Protein chains: 2
Amino acid sequence: MDFGIDNIRAAAQRLEGRVRRTPLLSSPMLDQLTGATVLVKAEALQLTGSFKIRGALNTLLSLSDEERAAGVLAFSTGNHGQAVAASAQMTGSTATIVMPQDAPRIKVDGCRWWGAEVVFYDPATQDREVVGRELVAERGLTLVHPYDDVRVMSGQGTVGLEIVDQLGEGGYSPDAVVLPCSGGGLSSGTIEAVRHSLPGVTPFVVERAGYPKMARSLASGQVEKVPAVPVFLDAIGSPTVGQHTLEALSRHPVEALEVTDDQARVAMREAVRTLKLVVEPGGSAALAAVLAHKERFAGQTVVVVASGGNVDASVLAEVLATGP
Amino acid sequence: MDFGIDNIRAAAQRLEGRVRRTPLLSSPMLDQLTGATVLVKAEALQLTGSFKIRGALNTLLSLSDEERAAGVLAFSTGNHGQAVAASAQMTGSTATIVMPQDAPRIKVDGCRWWGAEVVFYDPATQDREVVGRELVAERGLTLVHPYDDVRVMSGQGTVGLEIVDQLGEGGYSPDAVVLPCSGGGLSSGTIEAVRHSLPGVTPFVVERAGYPKMARSLASGQVEKVPAVPVFLDAIGSPTVGQHTLEALSRHPVEALEVTDDQARVAMREAVRTLKLVVEPGGSAALAAVLAHKERFAGQTVVVVASGGNVDASVLAEVLATGP
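Note that the structure is predicted; figures quoted are calculated from it, not measured.

### Notes on the sheet that holds strand β1 (residues 24-25) of chain B
Residues and elements named next belong to chain B.
Here is step 1 of the chain: The mixed open sheet is built from six strands, whose spatial order is β1-β2-β10-β7-β8-β9. This sheet does not close on itself; its edge strands, each paired only once, are β1 and β9 (255-259).
Here is step 2 of the chain: Bridging between strand β7 (residues 176-180) and strand β8 (residues 202-208) involves five bridges; their strand directions are parallel. By the bridge assignment, valine 178 is partnered in β8 with phenylalanine 204.
Here is step 3 of the chain: Packing of helix α9 (residues 185-197) onto the sheet brings it into contact with β7, β8 and β10 (301-306), and relative to β7 it is tilted by some 165°.

The following block contains the structure:
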């Protein structure tokens, strides 16, 4: 696998002026609550509501004219789907998105808003990769993998380049960078970029409690799977990690944390209260980890990636209404 | 009254590095919904959750050492109070905040979090200005007026300086700037700054439906009052405008719009859905006006100030739950 800072810098050049440089937010109240200096990279404010546009658009821009003309396909719980749909529209291609039938409505609507065709599958009985690869073969499409592709990982890594720039502008010396982890695209890219410039930073990946597939994969050295079940933290619900993302993360001293659904709810409420930022369940995982594992970060300067904000209004309402 | 671009530039120098340069957000979905290019100046992401810190801190930094040492007082529905409390703490002063007894809890908590003493009054039977001025006299405090003070107006005007910079960076040619209006501090400062650099921009102020006190004041040329009643749009619930703010706004061809509570609710929901931004009822007024008066802005490039995000979780939950 050819993956490193040069790939990420090339992605940044391709994406220049096409995606947003999202702000690094902070709150004195959040700092007091955590006992740390917490800097939140607000990818919920990214175009399409999550970081996923970075990897998807970098991939679309790397395809041949023929591939773009034939169309692309993505399987996705929603954020990657919206990103591929938007990237296809932005580059004159067309997108087919394979989504679980219980995907949040805001994500289904988002894919369609960007002009994509949505094909549903039943996550209880079907493997989304199989459904996707069949459609690719039938229709002559190019698969844009949600994480296990160097073009995607490189695009997501531009989050890390921005973090490094923004830390410098703010005069911060970070101790840790904390990322939600599903297949590993965001974490592998961002950690590669951050640690290239700041090798002393400790990288953390955050997974669903009870389903630490990346932690297990890093420990065993091979791709480990977990059952595919409908989850509140839908954005980090992939049943497996990637071969490439595992290889890339294995280069770094990655620590793994887990968060429960209730911890994610707390983080969603605190993001609203202290940051005025809407984060979706999976997008809140890194913040949830810092709130739930305060002892690991006490006194440190911690960068947290809030990876997405695509949550149905009814779900956010329920989370806010059940708070303290 | 000595008020103009030079005051605002001096305020920007004082505030440099102490308050945030908030982002100018946008959403293709919001643009489609409005039929305009909408750029949202996200002052909800400002320190203390609203633009008010700009004017308050500029004022605190303009006081003598003796005045700061004796302490300051503010009467406020909450955002100005939090801003004065934070500004006092940041400059080694102490703050007393006079608030209506029905102020949102998040705003009361915010004032106390920043170390202020909160004194409640009954808005049905008491005039907050009278309560405030009595305490000022008793305790030897300096009043930091919520809007009718050149130092405050100049601080709020830094919103406009940033908007001009950000429009330039983004290559935008704006047609209109739309602001929530209560006492007129934000609107007078921002409109002065924006139209200094961009004299062709049409300025709009947005008030509560049925309580167009600034529109009436601009028409009559004198300060007009409305009844002080508890309102959903609490941040724009001042019963009067300022003499100085009226004079400053009278220099410009200001147009006035009104929004209902329900229109504000729609805007709060759309801010969450399309921008991932939490805005409070009053902070949503400008966006609500653009959504509710689409015909006025069709095809235009419109800057909207989302002035604050301090809304109780229970209120936001109710607004989100009752949406379409």
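### A look at the relation of the copies chain B and chain A
Here is step 1 of the chain: Take chain B, turn it by 180°, move it 0.0 Å along the axis, and it overlays chain A with an RMSD of 0.0 Å. Considering both components of the superposition, the chain copies are consistent with a two-fold axis. Among all C-alpha atoms of chain B, that of alanine 317 of chain B lies closest to the rotation axis, at 2.0 Å.
Here is step 2 of the chain: When the interface residues of chain B are mapped onto chain A, 100% of them again lie at the interface, so the same face is used by both copies.

### Topic: unusual backbone geometry
Residues and elements named next belong to chain A.
Here is step 1 of the chain: Positive phi values are uncommon outside glycine, yet threonine 48 reaches one of about 75°.
Here is step 2 of the chain: With respect to the helices, strands and loops of the structure, threonine 48 is situated in the loop between β2 (37-42) and α3 (52-62).
Here is step 3 of the chain: Here threonine 48 falls in the buried class, since its relative accessible area comes to 10%.

### Details of the packing of helix α1 (residues 5-15) of chain B against α9 of chain B
The description of two packed helices rests on the angle between their axes and on the distance between the axes.
Residue and element names in this part refer to chain B.
Here is step 1 of the chain: At a minimum axis distance of 10 Å, the contact between α1 and α9 shows a crossing angle of 105°. Here α1 is positioned roughly perpendicular relative to α9, judged by the angle of their axes. Every residue of α9 that contacts α1 at Ile5, Ile8 and Arg9 is listed here: Gly189, Glu192, Ala193 and His196.
Here is step 2 of the chain: Here the contact of α1 with α9 is composed, by residue class, of three nonpolar, two polar and two charged.

### Structural notes on the environment of valine 254 of chain A
Residue and element names in this part refer to chain A.
Here is step 1 of the chain: As for its position among the elements, valine 254 is in the loop between α11 (243-249) and β9 (255-259).
Here is step 2 of the chain: The buried category is assigned to valine 254, whose relative accessible area is 17%.
Here is step 3 of the chain: C-alpha of valine 254 to C-alpha of glycine 189: the two residues are 65 residues apart in sequence and 13 Å apart in space.
Here is step 4 of the chain: If we skip the residues at most four places from it in the chain, valine 254 touches Ile191, Pro203, Val205, Leu218 and Leu249.

### Things to note about the pattern of salt bridges
Here is step 1 of the chain: Within the structure shown, the criterion is met by 32 salt bridges over all chains.
Here is step 2 of the chain: We note a salt bridge from aspartate 262 of chain A to arginine 265 of chain A, for which the minimum N-O separation is 3.8 Å. You can see aspartate 262 of chain A and its partner arginine 265 of chain A sitting in helix α12 (residues 261-275), three residues apart, about one turn around the helix.
Here is step 3 of the chain: Aspartate 262 of chain A gets classed as exposed once you look at its relative accessible area, which sits at 54%.
Here is step 4 of the chain: Note on arginine 265 of chain A: relative accessible area 18%, which makes it buried.
Here is step 5 of the chain: Here arginine 251 of chain B and glutamate 192 of chain B are joined by a salt bridge, their closest N and O atoms 3.2 Å apart. Here arginine 251 of chain B is found in the loop between α11 (243-249) and β9, whereas its partner glutamate 192 of chain B is found in helix α9, with 59 residues between them in sequence.
Here is step 6 of the chain: A residue is classified by how much of its surface remains accessible, and glutamate 192 of chain B, at 11% relative accessible area, is buried.
Here is step 7 of the chain: Where salt bridges share partners, they join Lys41, Glu43, Arg54 and Glu162 of chain A into one cluster.

### Quick notes on the packing of aromatic side chains
Here is step 1 of the chain: For the coordinates displayed, the defined rule picks out four aromatic pairs over all chains.
Here is step 2 of the chain: Geometrically, the ring pair formed by tryptophan 113 of chain B and tryptophan 114 of chain B is edge-to-face, given 5.0 Å between the ring centres and 85° between the ring planes.
Here is step 3 of the chain: A cation over an aromatic ring shows up here: arginine 208 of chain A above the ring of tyrosine 211 of chain A, its NZ or CZ 4.2 Å from the ring centre.
Here is step 4 of the chain: The lysine or arginine in question, arginine 265 of chain B, covers the ring of phenylalanine 232 of chain B, its NZ or CZ lying 4.5 Å from the ring centre.

### Here we look at the UniProt feature "domain: Tryptophan synthase beta chain-like PALP" (unreviewed entry) in chain A
Here is step 1 of the chain: The UniProt feature table records "domain: Tryptophan synthase beta chain-like PALP" (unreviewed entry) at residues 18-308 of chain A.
Here is step 2 of the chain: Along residues 18-308 of chain A one finds 46% helix and 16% strand; the C-alpha atoms at either end are 18 Å apart.

### Some details on the interface of chain B and chain A
Here is step 1 of the chain: Contacts between chain B and chain A engage 31 residues on the former and 31 residues on the latter.
Here is step 2 of the chain: When chain B packs against chain A, close to 2300 Å² is buried across both sides, 71% of that on carbon and sulfur atoms.
Here is step 3 of the chain: Considering only the side of chain B, the residues that lose the most area to chain A are Met29, Trp113 and Lys276 of chain B, jointly responsible for 28% of the buried surface there.
Here is step 4 of the chain: The tally of links between chain B and chain A comes to zero salt bridges.
Here is step 5 of the chain: Our enumeration of links across chain B and chain A arrives at ten residue pairs in polar contact (both at pLDDT 80 or more).
Here is step 6 of the chain: Elements that contribute at least two residues to the side of chain B that touches chain A include exactly α2 (28-34), α6 (105-113), α12 (261-275) and α15 (313-321) of chain B.
Here is step 7 of the chain: In terms of residue count, the dominant contributor to the side of chain B that touches chain A is α15 of chain B (five residues).

### Observations regarding the side chain of arginine 128 of chain B
Here is step 1 of the chain: Here arginine 128 of chain B shows up in helix α7 (residues 128-139).
Here is step 2 of the chain: One buried charge, arginine 128 of chain B, has no salt-bridge partner; the nearest side chain with opposite charge is glutamate 129 of chain B, at 5.4 Å.

Cut-offs used in this document
Residues numbered from 1 in each chain as written. Chains lettered and ligands numbered in written order. Predicted model: local features only at pLDDT ≥ 70, side-chain atom pairs only at ≥ 80, totals over all residues. Heavy atoms only, no water. Pairing = 2+ DSSP bridges. Helix = DSSP H or I, 4+ residues; strand = E, 2+ residues; numbered from the N terminus. Contact = heavy atoms within 4.5 Å. Axes fitted to C-alpha atoms, helices over the stretch in contact; angles between N-to-C directions. Least-squares fit on C-alpha atoms with pLDDT ≥ 70 in both. Buried < 20%, exposed > 50% of the residue type's maximum accessible area, 1.4 Å probe, protein only. Parallel < 35°, antiparallel > 145°, perpendicular 65-115°, else oblique. Nonpolar A, V, L, I, M, F, W, Y, C, P; charged D, E, K, R; others polar. Salt bridge = Lys/Arg side-chain N within 4 Å of Asp/Glu carboxyl O. Phe/Tyr/Trp six-rings, centres within 6.5 Å; stacked < 30°, edge-to-face > 60°. Lys NZ or Arg CZ within 6 Å of the ring centre and 35° of its normal. UniProt positions renumbered as here; feature names shortened; annotations may be inferred. Buried area = accessible area lost by both parts, 1.4 Å probe. Polar contact = N/O pair within 3.5 Å; in protein donor to acceptor, adjacent residues only side chain to side chain. Lys, Arg positive; Asp, Glu negative; His and termini not counted.

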